[in-house]
Amino acid sequence: MSGAWSIYVIVLSLLVVGGSAWLLAMTAKKPEKKEGETTGHVWDDDLAEYNNPLPRWWLWLFIGTIIFSAGYLVLYPGFGANKGTLGWSSEGQLLAEQQKYEEIARQTYAKFAALSVADLAKNAEAVNLGRNIFANNCAACHGTDGRGAVGFPNLTDASWQWGGEADQIYTTILNGRMAAMPSWSAVLGAEGTPQVAAYVRSLAGLGHDATAAAAGKPRYEQICVACHGIDGKGNPALGAPNLTDADWLYGSSEATIVESLTKGRNGQMPAHGPLIGADAVKIVSGYVYSLRDQAQSTASGGEK
Ligand code: HEC
Ligand code: HEC
């Protein structure tokens with residue numbers, strides 16, 4: 001608060017508190033007329049004003065308020081730029097509370113510091129904690145059950161764009177990932193794009209036009225192998241997805257594959273290290289790793 005504002009606020013406070021005290025003193029003066037008499041003021045011919053004193057309790061309430069406000073202005077900030085003798089501030093209170101919660105979180109995470117991500121996935125308490133972190137930070141994109149949506153990968157299936165090993169999952173969450181597939185429309189042209197799309201569908205074992213797929217194959221082997229591999233199984237180092245399985249990030253219909261090729265795809269997983277801290281990242285990685293184990297056990301018939 002600048003000096004001028006501070007003086008302005010001080011003057012206002014003094015005026016209000018001082019004015020109230022003055023008003024009290026004035027009304028508490030011995031009245032000239034006796035109690036029960038009218039003041040002599042008459043309105044509308046017959047409306048007269050009695051000269052009765054303020055009720056005692058009301059007077060004391062008023063005096064109490066004035067004493068309280070003086071005490072408050074001494075102890076707490078409010079009297080211009082004065083900080084008050086208690087040194088309290090809303091910012092300080094917030095900071096103290098934040099530190100308290102950070103300390104609780106630190107102690108909670110410290111219990112699990114020695115465990116690896118794979119161990120965390122087997123620890124029921126850590127998995128519960130990870131589920132909460134997931135609900136607060138990840139569910140908006142990946143869904144409350146981790147099953148994802150178009151453009152947001154399913155974390156419970158066996159297919160992993162950036163790798164499903166414990167350390168790969170941890171790195172993905174800590175540092176984020178940025179997929180880079182440029183648009184191929186200039187290279188493939190209006191005719192080549194659906195042909196390559198047909199070939200991709202043939203790799204995935206989906207219905208396709210055989211002539212178009214045969215025409216698309218050499219283009220695929222020329223351009224796409226660099227990232228998706230000759231067999232279409234992808235490359236986790238580049239985040240290039242497996243094109244032969246049933247799990248699709250954007251979709252497997254010919255129209256959607258053509259759209260992927262025409263527009264390019266640049267999915268982004270935000271880095272969560274700076275957002276929630278490395279300890280929380282490790283615990284939520286354990287939770288995600290436990291989802292992966294679930295998916296594998298269902299895939300293999302449900303046995304553990
Ligand atoms: C530079 C590496 C690179 C090249 C070359 C490349 N891709 Fe991709 N592709 C990617 C990446 C990375 C993704 C994942 C994009 C994302 O996650 O947003 C992707 C995604 C896709 C998808 C979407 C898959 C899904 O699950 O929905 C299709 C389809 C695809 N690519 C086909 C092709 C075809 C066909 C070619 C050749 C014309 C090709 N890609 C060339 C890196 C590449
Ligand atoms: C703003 C949306 C968003 C949030 C929030 C988010 N993610 Fe992601 N995440 C994505 C996208 C998009 C991708 C896919 C990136 C790509 O296309 O390559 C992804 C990819 C991933 C992958 C890699 C999947 C694979 O197949 O390799 C993991 C693991 C993951 N996220 C976990 C998490 C966890 C855990 C959190 C919370 C701590 C989280 N994500 C929060 C959007 C998000």
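Before reading on, note that the structure itself is shown above.
Rules used in this analysis
- Residues numbered from 1 in each chain as written.
- Chains lettered and ligands numbered in written order.
- Predicted model: local features only at pLDDT ≥ 70, side-chain atom pairs only at ≥ 80, totals over all residues.
- Heavy atoms only, no water.
- Donors = N, O, S within 2.8 Å, 3.2 Å for Na, K, Ca; no water.
- Buried < 20%, exposed > 50% of the residue type's maximum accessible area, 1.4 Å probe, protein only.
- Tetrahedral: all angles 85-135°; square planar, octahedral: opposite > 155°, others 65-115°.
- Helix = DSSP H or I, 4+ residues; strand = E, 2+ residues; numbered from the N terminus.
- Expected span 1.5 Å × (residues − 1).
- Arc of directions from axis to C-beta.
- Polar contact = N/O pair within 3.5 Å; in protein donor to acceptor, adjacent residues only side chain to side chain.
- Pairing = 2+ DSSP bridges.

**Q** So, the coordination of the iron atom of ligand 2: which residues are in play, and what are the values?
**A** Around a metal, the perfect tetrahedron of four donors has angles of 109.5 degrees, and the perfect octahedron of six donors has angles of 90 or 180 degrees. At 2.0 to 2.1 Å from the iron atom of ligand 2 lie its protein donor atoms, namely His 142 (NE2) and Met 269 (SD). On the basis of relative accessibility, which here comes to 23%, the residue Met 269 falls in the partly exposed class.

**Q** Lay out the coordination of the iron atom of ligand 1 in plain terms, naming residues and giving numbers.
**A** All of the protein donors around the iron atom of ligand 1 are Met 181 (SD) and His 228 (NE2); their distances to the metal are 2.0 Å. Note that the iron atom of ligand 1 binds six donor atoms; their angles at the metal cover 88 to 179 degrees, and the shape is octahedral. Taken together, the positions of Met 181 in the loop between strand E3 (177-178) and helix H8 (185-203) and His 228 in helix H9 (residues 210-228) put the pair 47 residues apart, joining distant regions of the chain.

**Q** Any chance you could break down helix H5 (residues 124-137) for me, citing the residues and the numbers?
**A** The end-to-end C-alpha distance of H5, which contains 14 residues, comes to 20 Å, matching closely the 20 Å that a straight helix rising 1.5 Å per residue would cover. Turning to H5, its buried residues number three or more, namely Ala 126, Val 127, Gly 130, Ile 133 and Phe 134. Down the axis of H5, the buried set is contained in an arc of 120 degrees. They therefore lie on one face. In this structure, H5 carries Ala 124 and Asn 136 as exposed residues pointing more than 90 degrees from its buried face. Measuring from the backbone nitrogen of Glu 125 back to the side-chain oxygen at the start of H5 gives 3.0 Å, which picks out Asn 123 as the cap.

**Q** Break down the pairing of strand E1 (residues 38-43) for me, with residues and values.
**A** As judged from the three bridges shared by E1 and strand E2 (residues 47-50), these two strands associate in the antiparallel manner. By the bridge assignment, Val 42 is partnered in E2 with Ala 48. Following E1, the chain reverses through three residues before pairing antiparallel with E2; Asp 44 in that reversal takes a positive phi of roughly 50 degrees.

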